[in-house]
Amino acid sequence: NAGVTQTPKFQVLKTGQSMTLQCAQDMNHNSMYWYRQDPGMGLRLIYYSASEGTTDKGEVPNGYNVSRLNKREFSLRLESAAPSQTSVYFCASSDGGPQPQHFGDGTRLSIL
Amino acid sequence: GENVEQHPSTLSVQEGDSAVIKCTYSDSASNYFPWYKQELGKGPQLIIDIRSNVGEKKDQRIAVTLNKTAKHFSLHITETQPEDSAVYFCAASITPDSWGKFQFGAGTQVVVTP
């Protein structure tokens, strides 16, 4: 059982570059989420998708966009990367409700 | 919005001893309180949760207690083992309507020494 799969696992970008973080789940879950994790700050919600076809902003959406491509996939895009976006990004899913149940293993992103 | 505070930030325990992590929340309407365990290099894993109509819940060596009046809840790990070493996060939310308001605590690094 793969669960939630994130790609890539590591990435280094230069300021101003763009990239898309990919996430896919194989549990037929309705809801998907993107979090960022910074030292001493826990996990903060960037965007979420309550169900296929809908996306909404979380606590820290500035500088990011998302696409719920289908029920399985939820991508996160950085249009113009900034050093403040250096973080570990986690995708998660649940069978419904605001509480994430399953997390991927993260994408470690450094922006120089 | 909800504010969740978690203490301590680090906890070192001897193998076999108990560990307790405490969280407080601000919104009295919160009704769902999960705990997650994050091992090094991995994503968080939901390990136990409790709803506001229950005061205590146990699952083998872990238990969670909830005091709604004082607005705090705690994770108890008994007979700790080296594999319990991880970062533990608490969270609070108002289900089912608190989309975007699900708040995590800052985490507790638990180290179990043999």
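To keep things clear, this report deals only with the structure shown in the data block. (Residues numbered from 1 in each chain as written. Chains lettered and ligands numbered in written order. Predicted model: local features only at pLDDT ≥ 70, side-chain atom pairs only at ≥ 80, totals over all residues. Heavy atoms only, no water.)

### Some details on the overall build of chain B
Line of reasoning, step 1. Counting its regular elements, chain B contains zero helices and eleven strands.
Line of reasoning, step 2. For chain B, the succession of helices and strands along the chain, N to C, is β-β-β-β-β-β-β-β-β-β-β.
Line of reasoning, step 3. Taking 13 Å as the expected radius of gyration for a compact globule of 114 residues, we find that chain B reaches 14 Å, a close match to that expectation.
Line of reasoning, step 4. The principal-axis extent of the C-alpha atoms belonging to chain B is close to 45 × 30 × 20 Å. (Helix = DSSP H or I, 4+ residues; strand = E, 2+ residues; numbered from the N terminus. Rg over C-alpha atoms; globule rule 2.2 N^0.38 Å.)

### A look at the overall build of chain A
Line of reasoning, step 1. Along the backbone of chain A there are zero helices and eleven strands.
Line of reasoning, step 2. Counted from the first residue to the last, chain A has its helices and strands arranged as β-β-β-β-β-β-β-β-β-β-β.
Line of reasoning, step 3. The C-alpha extent of chain A, read off along each of the three principal axes, is 35 × 30 × 25 Å.
Line of reasoning, step 4. Taking all 112 residues of chain A together, 49% fall into the buried category.
Line of reasoning, step 5. Considering only residue pairs separated by 6 or more positions, chain A has 55% of its internal contacts joining residues 24 or more positions apart.
Line of reasoning, step 6. As displayed, chain A offers around 5000 Å² of accessible surface, 47% of which is attributable to carbon and sulfur atoms.
Line of reasoning, step 7. Side chains of chain A give 10 positive and 9 negative charges; the mean places of these two sets differ by 6 Å. (Buried < 20%, exposed > 50% of the residue type's maximum accessible area, 1.4 Å probe, protein only. Contact = heavy atoms within 4.5 Å. Areas by Shrake-Rupley, 256 points an atom, 1.4 Å probe, with all protein chains shown as cover. Lys, Arg positive; Asp, Glu negative; His and termini not counted. Charge placed at Lys NZ, Arg CZ, Asp CG, Glu CD.)

### Here we look at the packing of aromatic side chains
Line of reasoning, step 1. In the structure shown here, the tally under the stated rule is twelve aromatic pairs over all chains.
Line of reasoning, step 2. Aromatic rings pair up to connect Tyr33, Tyr35, Phe90 and Phe103 of chain A together with Tyr36, Phe89 and Phe104 of chain B into one cluster. (Phe/Tyr/Trp six-rings, centres within 6.5 Å; stacked < 30°, edge-to-face > 60°.)

### Let's talk about the state of the cysteines
All names here are of chain B.
Line of reasoning, step 1. For the structure shown, the criterion picks out two disulfides over all chains.
Line of reasoning, step 2. A sulfur-sulfur separation of 2.0 Å characterises the disulfide bridge that pairs Cys23 with Cys90. On the sign convention where negative means left-handed, the S-S torsion of about -100° between Cys23 and Cys90 marks this disulfide as left-handed. With Cys23 in strand E3 (residues 19-25) and Cys90 in strand E9 (residues 86-92), this pair connects stretches of sequence that are 67 residues apart. Side by side, Cys23 and Cys90 carry an identical accessibility label, which is buried. (Disulfide = S-S within 2.5 Å.)

### A short note on the sheet that holds strand E7 (residues 62-67) of chain B
Residue and element names in this part refer to chain B.
Line of reasoning, step 1. Read across the open sheet, the five strands follow the order E1-E3-E8-E7-E6; overall the sheet is antiparallel. Because the sheet does not close on itself, it has two edges, and the strands there are strand E1 (4-7) and strand E6 (56-59). Direction aside, the axes of adjacent strands within the sheet are offset by 15° on average.
Line of reasoning, step 2. Two elements, E6 and E7, share four bridges in a ladder whose sense is antiparallel. Among the inter-strand pairings, Lys58 is bridged to a residue of E7, identified as Ala63. (Pairing = 2+ DSSP bridges. Axes fitted to C-alpha atoms, helices over the stretch in contact; angles between N-to-C directions.)

### A closer look at the interface of chain A and chain B
Interface size, as often reported, equals the accessible area lost upon joining of the parts.
Line of reasoning, step 1. Every contact between the two is made by 22 residues of chain A and, on the other side, 21 residues of chain B.
Line of reasoning, step 2. Across the chain A to chain B interface the summed buried area is about 1700 Å²; carbon plus sulfur atoms make up 64%.
Line of reasoning, step 3. The largest per-residue losses of area from chain A upon contact with chain B belong to Leu43, Pro98 and Gln99 of chain A, which jointly make up 31% of the total buried on that side.
Line of reasoning, step 4. Linking chain A with chain B are one salt bridge.
Line of reasoning, step 5. Between Lys42 of chain B and Asp105 of chain A there is a salt bridge, with the nearest N and O atoms lying 3.7 Å from each other.
Line of reasoning, step 6. On inspection of chain A and its partner chain B, the count reaches four residue pairs in polar contact (both at pLDDT 80 or more).
Line of reasoning, step 7. Counting only elements with at least two residues in the side of chain A that touches chain B, the list comes to strand E4 (31-37) and strand E5 (43-49) of chain A.
Line of reasoning, step 8. Per-element accounting of the side of chain A that touches chain B gives the leading share, four residues, to E4 of chain A. (Buried area = accessible area lost by both parts, 1.4 Å probe. Salt bridge = Lys/Arg side-chain N within 4 Å of Asp/Glu carboxyl O. Polar contact = N/O pair within 3.5 Å; in protein donor to acceptor, adjacent residues only side chain to side chain.)

### Here's the deal with the nonpolar core
All names here are of chain B.
Line of reasoning, step 1. Ile21, Tyr25, Phe33, Trp35, Phe73, Leu75 and Tyr88 are the most contacted members of the largest nonpolar core, which totals 23 residues.
Line of reasoning, step 2. For this core, the secondary structure elements donating two or more residues are strand E2 (10-14), E3, strand E4 (32-38), strand E5 (45-51), E7, strand E8 (72-77), E9 and strand E11 (108-113).
Line of reasoning, step 3. Beyond its immediate stretch of four places on either side in the chain, Phe73 contacts Ile21, Lys22, Cys23, Tyr25, Phe33, Trp35, Thr65, Leu66, Cys90 and Ala91. (Core = buried A, V, L, I, M, F, W, Y, C linked by side-chain atoms within 4.5 Å.)

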